[in-house]
Amino acid sequence: MKLDLGSFQSVKDFVFNLKSFKSNRPLDRLVCNAAVYQPALSVPRYTEDGFEEQLQINHLSHFLLCNLLLEDMKRNKDARMIIVGSITGNDNTVGGGAVYPIADLGDLKGLEQGGKKPVSMIDGDVFNGAKAYKDSKVCNMMTMLELHRRYHISTGITFSTMYPGCIATTQLFREKRTWFRKLFPLFMKYVTGGFVSEEEAGQRLAAVVDDEKCKKSGIYWAWNGGAKTIAYLDLSKKNGILTGAGGSGGEMFENDFSAKILDRVKSKKMFDLSSKITGVTWPQPGPEAVVEQGFNIKNKKTVVSKPNESPNKKGLSFA
């Protein structure tokens, strides 16, 4: 089934087709993973709906998708809704706090103005392609936390996010120069230690989708130090694996969100503005609580939005 995240109508059509295909069987897994990254752009690109591409493809369309599938998924006893995050949106990491530009939603002036052209940034500032991506990832992780706070108790759905590591060989970096695409994987593997292969990243995502441990809601899952330091060799472990940078190897753990992502006032404002922009209404929230609940896994059906390999069609996803 086709899903073009650059079009709200395509998202709605996808959900209609998905529900027709699966009939009355409730969906129990939704993974929002597709993204575009445009750090080299000096001027923004806009979708057919009039939004800066990274804003709509990475955040707004996934926001809409989660809304349209929430009621269906709550009919399943162990549903999981996962929005893939990034260290670049967390300024408590090396990649998010030490590499310019730093993610910052400001006062959300861009969203307050409706988010459409000529608006190009969530904070309403001058366009910066790299920051637009990072800001969209902040929104992804805020969205997950807001869904957890509002609906985990009342629906039983597990809401979570994760950072799979730097998968430096994927088409996410297709808009970077050729020399960068060749050298970046080597740099991440042998210098920073943050490199993760596509296969291992997939295994990490599969764990969040299916592992018993990951039935806990409101969690940011990470591996191997969560990229809070440059990699180092832990001689006490004697395994030769670089530690600390979120790269290959290491155990899964519950990572810390940055203070910006935990900002409840700004998070609520982002959620409300995103709802207005996408035209959605949400069920009445359940009682706000941090109590965690778990359920047995049954009848798994997974929908994963993934970036199309073509450099000419951004945000196309298939389930």
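Residues numbered from 1 in each chain as written. Predicted model: local features only at pLDDT ≥ 70, side-chain atom pairs only at ≥ 80, totals over all residues. Heavy atoms only, no water.

### Some details on the nonpolar core
Thought 1: By size, the foremost hydrophobic cluster in this structure holds 53 residues, and its most contacted members are Leu30, Leu65 and Met81.
Thought 2: Of the residues forming this core, the biggest block, 10 residues, is contributed by helix 2 (residues 53-73).
Thought 3: Of all hydrophobic cores here, the second largest spans 13 residues; its members include Met162, Leu205, Val209 and Met252. (Core = buried A, V, L, I, M, F, W, Y, C linked by side-chain atoms within 4.5 Å. Buried < 20%, exposed > 50% of the residue type's maximum accessible area, 1.4 Å probe, protein only. Helix = DSSP H or I, 4+ residues; strand = E, 2+ residues; numbered from the N terminus.)

### A look at unusual backbone geometry
Thought 1: Omega for the peptide link from lysine 117 to proline 118 comes to 15 degrees, which places this bond in the cis form.
Thought 2: In this structure, proline 118 sits in the loop between helix 4 (109-112) and helix 5 (129-155).
Thought 3: With a phi close to 60 degrees, serine 23 is a non-glycine residue in the positive phi region.
Thought 4: Residue placement: serine 23 occurs in the loop between helix 1 (8-22) and strand 2 (29-32).
Thought 5: Serine 23 sits in the exposed class, given a relative accessible area of 54%.

### Details of the confidence of the model for the chain
Thought 1: The share of residues in the chain with pLDDT of 70 or more is 71%, and the mean pLDDT across the chain is 82.
Thought 2: Predicted confidence is poor over residues 289-302, with pLDDT under 50, and the contacts of this stretch with residues over four places away or in other chains come to 37 contacts.
Thought 3: Contacts for the low-pLDDT stretch residues 306-319, under 50 throughout, to residues beyond four places or in other chains number 45 contacts. (pLDDT = per-residue confidence, 0-100. Contact = heavy atoms within 4.5 Å.)

### Structural notes on the packing of aromatic side chains
Thought 1: All chains considered together, the criterion is met by seven aromatic pairs.
Thought 2: Between phenylalanine 63 and phenylalanine 271, the aromatic rings sit 5.0 Å apart at their centres with planes inclined by 65 degrees, giving edge-to-face as the arrangement. Placement of phenylalanine 63 in helix 2 and of phenylalanine 271 in helix 8 (residues 264-278) is noted, with a sequence separation of 208 residues between them. The exposure classification of phenylalanine 63 matches that of phenylalanine 271, with both residues buried.
Thought 3: Where phenylalanine 271 meets tryptophan 282, the ring centres are 4.9 Å apart and the plane angle is 40 degrees; that geometry is what we call tilted. Taken together, the residues phenylalanine 271 in helix 8 and tryptophan 282 in the loop between helix 8 and strand 9 (302-305) connect sequence positions 11 residues apart. (Phe/Tyr/Trp six-rings, centres within 6.5 Å; stacked < 30°, edge-to-face > 60°.)

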